[in-house]
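A look at the structure
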Amino acid sequence: MPRSQMKQFEEELLKDDWTRVKPEVEVKKISIPQGEETYILCRTAGRKEKEKAIRHRFSAHMEDALKGLGKTIETGRLKDRNKMERRLGRIQASHSQVNDLYQVALEDSPNGIRLHWAIKEDRQIWRDLREGAYMLRTNLQAGTVEELWSEYMQLTEAETSLPSGR
């Protein structure tokens, strides 16, 4: 299931009713009204750490670029507002993975135009919450979430072991 659809399961991510199926894997079955498919919300410690490290690296690069642009504007080396906006747009485009985490604006001040930016706390909290989580969608029927997860993993392993082209 695409990550963009994870937001609708935010409440489930917050609940503390996870079932541990392996030392590093927790799962829970999600009920979808009138659904023929079963959804399994999963989260793993290793994946969480990996995603957090990636986000921190992307955020650090974006913050460095914003600081650099801010300094260029403050020292007067960049005076044209249109050029400032274009540079800001390039920074945002080149850091699209984390751009949504930042509130960024060019504002007029007594000292001239200044770049102001801050982390959007609500977006940061949501990113922290969803890191390491993913959703499985299946038409398998099983009694418990542990059985469903195990069957899903077995099917996945069987499919990857087939020669390509089948």
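As a starting point, this report considers the structure included with it.

What counts and how
Sequence order sets the numbering: in each chain, residues are counted from 1 along the sequence as written. Totals for whole chains, interfaces and linings use every residue, but because this is a predicted model, local features are given only for residues with pLDDT of at least 70 and side-chain atom pairs only at 80 or more, for both listing and counting. As a rule here, side-chain values come from all non-hydrogen atoms in the structure, and water together with hydrogens is ignored. Salt bridges are counted wherever a side-chain nitrogen of Lys or Arg sits within 4 Å of a carboxyl oxygen of Asp or Glu. Relative accessibility decides the category of a residue: with a 1.4 Å probe and only protein chains considered, values under 20% of the type maximum give buried, values over 50% give exposed, and everything between is partly exposed. Here a strand is any run of E in DSSP of at least two residues, a helix any run of H or I of at least four, and the numbering for each starts at the N terminus. Residue count minus one, scaled by 1.5 Å, sets the expected span of a helix. What the arc measures is the spread of directions leading from the helix axis to the C-beta atoms. Should any heavy atoms of two residues lie within 4.5 Å, those residues are considered in contact. Any pair of nitrogen or oxygen atoms within 3.5 Å is treated as a polar contact; in protein, a donor-acceptor pairing is required on top of that, and neighbouring residues in sequence qualify only through side-chain atoms on both sides. Paired strands are those between which DSSP finds at least two bridges. Among buried residues, the Ala, Val, Leu, Ile, Met, Phe, Trp, Tyr and Cys ones that are joined through side-chain atoms within 4.5 Å form a nonpolar core. For every element, the axis is a line fit to its C-alpha atoms; helices are fit only across the contacting stretch, and the angle between N-to-C directions ranges from 0 to 180 degrees.

For the rest of this paragraph, the subject is the pattern of salt bridges. If you walk through the whole model with that rule in mind, you get 14 salt bridges. Arg 20 is the salt-bridge partner of Glu 26, the closest N and O atoms lying 3.2 Å from each other. Note on Glu 26: relative accessible area 17%, which makes it buried. The network of salt bridges with shared partners includes Glu 12, Lys 15, Asp 17 and Lys 28.

Here the focus is helix α3 (residues 81–94). The periodicity of an α-helix, 3.6 residues per turn, causes residues three or four positions apart to be oriented the same way. Here α3 is 14 residues long and its end C-alpha atoms lie 20 Å apart, about the 20 Å a rise of 1.5 Å per residue gives. Of the residues making up α3, those classed as buried are Met 84, Leu 88 and Ile 91. Down the axis of α3, the smallest arc covering the buried residues is 55°, so these residues share one side. In this structure, α3 carries Arg 90 and Ala 93 as exposed residues pointing more than 90 degrees from its buried face. Packed against the buried residues of α3 are α2 (45–74), β4 (102–109) and β5 (112–119). Between the side-chain oxygen at the start of α3 and the backbone nitrogen of Asn 82 there is a gap of 2.8 Å, and the oxygen is on Asp 80.

Further remarks concern the pairing of β5. Where β4 lies against β5, eight bridges are found, and the strand directions are antiparallel. Pairing of Ser 109 across the sheet is with Gly 112, part of β5. In textbook terms, the turn of a hairpin is the stretch between consecutive antiparallel strands, and for β4 and β5 this stretch comprises two residues.

As a further point, take the side chain of Glu 12. Its location among the elements puts Glu 12 in helix α1 (residues 10–14). There is a polar contact of 3.2 Å between the side chain of Glu 12 and the side chain of Lys 15. Those residues in contact with Glu 12 that lie beyond four places of it in its chain are Trp 18, Lys 28, Ile 30 and Leu 41.

One broad trend across soluble globular proteins is that nonpolar side chains are buried collectively. In this structure, Leu 66, Leu 69, Ile 73, Leu 88, Leu 106 and Leu 115 are the most contacted members of the largest nonpolar core, which totals 15 residues. Of all the secondary structure elements, the ones that give two or more residues to this core are α2, α3, β4 and β5. If you tally residues by element for this core, the top one is α2, at four residues. With residues near it in sequence (within four places) discarded, Leu 115 still touches Leu 66, Leu 69, Gly 70, Ile 73, Leu 88, Val 104, Ala 105 and Leu 106.

What follows concerns the sheet that holds strand β2 (residues 25–30). As summarised here, the arrangement of the four strands in space is β1-β2-β3-β6, forming an open sheet in which the pairing is antiparallel. The open sheet has two edge strands, β1 (19–22) and β6 (133–138), and neither has a second partner. When strand polarity is set aside, the average angle formed by the axes of neighbouring strands in this sheet is 35°. Relative to β2, β1 runs antiparallel, the two sharing three bridges. In the sheet register, Arg 20 faces β2, and the bridge partner there is Glu 26. Sitting on the sheet, helix α5 (residues 145–161) touches β1, β2, β3 (38–44) and β6, and the angle it makes with β6 is about 85°.

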